[in-house]
Amino acid sequence: MSIQEIVDQALRDGYLTPAMEAEVGNICDTASELSIEEYMALDRLMGCLLTGEVVAVPRKQFINVMEELVLTEAMTRVAKIEDKEGVKLDLGDVAAYALNRLPPLYATTEEGARYQRNRAQEQLADLIRQQVEAAISKNQEKPQEPERQALGKKADDVLSQVSSLLQSYAPQYENSPGN
């Protein structure tokens, strides 16, 4: 979908979903230059968000406790190997490889996260270690690919700027009566 199509759909539906927001962000991040029509569509979207004609659907607040457990294990192991062997490992690749082979442990509250951490430490600690070790082995075997672009390394994230602007202009919008 193009930016104009996404904006048109948001205007028709009255809301901007996280997926639509991500698509606009992806288009903005990958385009070398936006057209005047795209800028106008973004301006129209921002105006509609500010007036409430279009509502940004909030993302669900949750975490995958397995991510923090795997990252902790991977950082410890990777640091030891890098110090000992003088090689450079990609922590993101190691964590992603291991996470793809482990069950997710989602939580929406601190109590739930504590429960999932305890459960994982009791029942999954060995499996986590095994998967991190396998991920490190796999990472050491693969050739380095300098042309790969890591996620989250984009220069300007237009949507985060729009989101920040909206929060500063209407911090209580979602909490106000009638919404």
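Residues numbered from 1 in each chain as written. Predicted model: local features only at pLDDT ≥ 70, side-chain atom pairs only at ≥ 80, totals over all residues. Heavy atoms only, no water.

Naming follows an unreviewed UniProt entry, where the protein chain appears as Late competence development ComFB family protein of Roseofilum casamattae BLCC-M143.

A. How the structure looks around the pattern of salt bridges. The tally for this structure, following the rule as stated, stands at six salt bridges. The salt bridge partner of E133 is R77, with a shortest N-O separation of 2.6 Å. With E133 in helix 7 (residues 125–141) and R77 in helix 4 (residues 65–85), this pair connects stretches of sequence that are 56 residues apart. The exposure class assigned to R77 is partly exposed, which follows from its relative accessible area of 24%. A salt bridge links E82 to K88; its shortest N-O distance comes to 3.9 Å. Taking the relative accessible area as the measure of exposure, K88 reaches 66% and is therefore exposed. One salt-bridge network, held together by shared partners, links E73, R77 and E133. (Salt bridge = Lys/Arg side-chain N within 4 Å of Asp/Glu carboxyl O. Helix = DSSP H or I, 4+ residues; strand = E, 2+ residues; numbered from the N terminus. Buried < 20%, exposed > 50% of the residue type's maximum accessible area, 1.4 Å probe, protein only.)

B. Spotlight on the packing of helix 1 (residues 3–13) against helix 3 (residues 36–51). Where helix 1 meets helix 3, the axes come as close as 9 Å, and the angle between the chain directions of the two elements is 25°. Between helix 1 and helix 3, the crossing angle belongs to the class labelled roughly parallel. Judged by the sense of rotation from one axis to the other, the crossing of helix 1 with helix 3 is left-handed. Facing I3, Q4, V7, D8, A10 and L11 of helix 1, the residues of helix 3 in contact are E37, E38, A41, L42, R44, L45 and C48. Here the contact of helix 1 with helix 3 is built from residues that sort into eight nonpolar, one polar and four charged. (Axes fitted to C-alpha atoms, helices over the stretch in contact; angles between N-to-C directions. Parallel < 35°, antiparallel > 145°, perpendicular 65-115°, else oblique. Left-handed = near helix turned anticlockwise from the far one by under 90°. Contact = heavy atoms within 4.5 Å. Nonpolar A, V, L, I, M, F, W, Y, C, P; charged D, E, K, R; others polar.)

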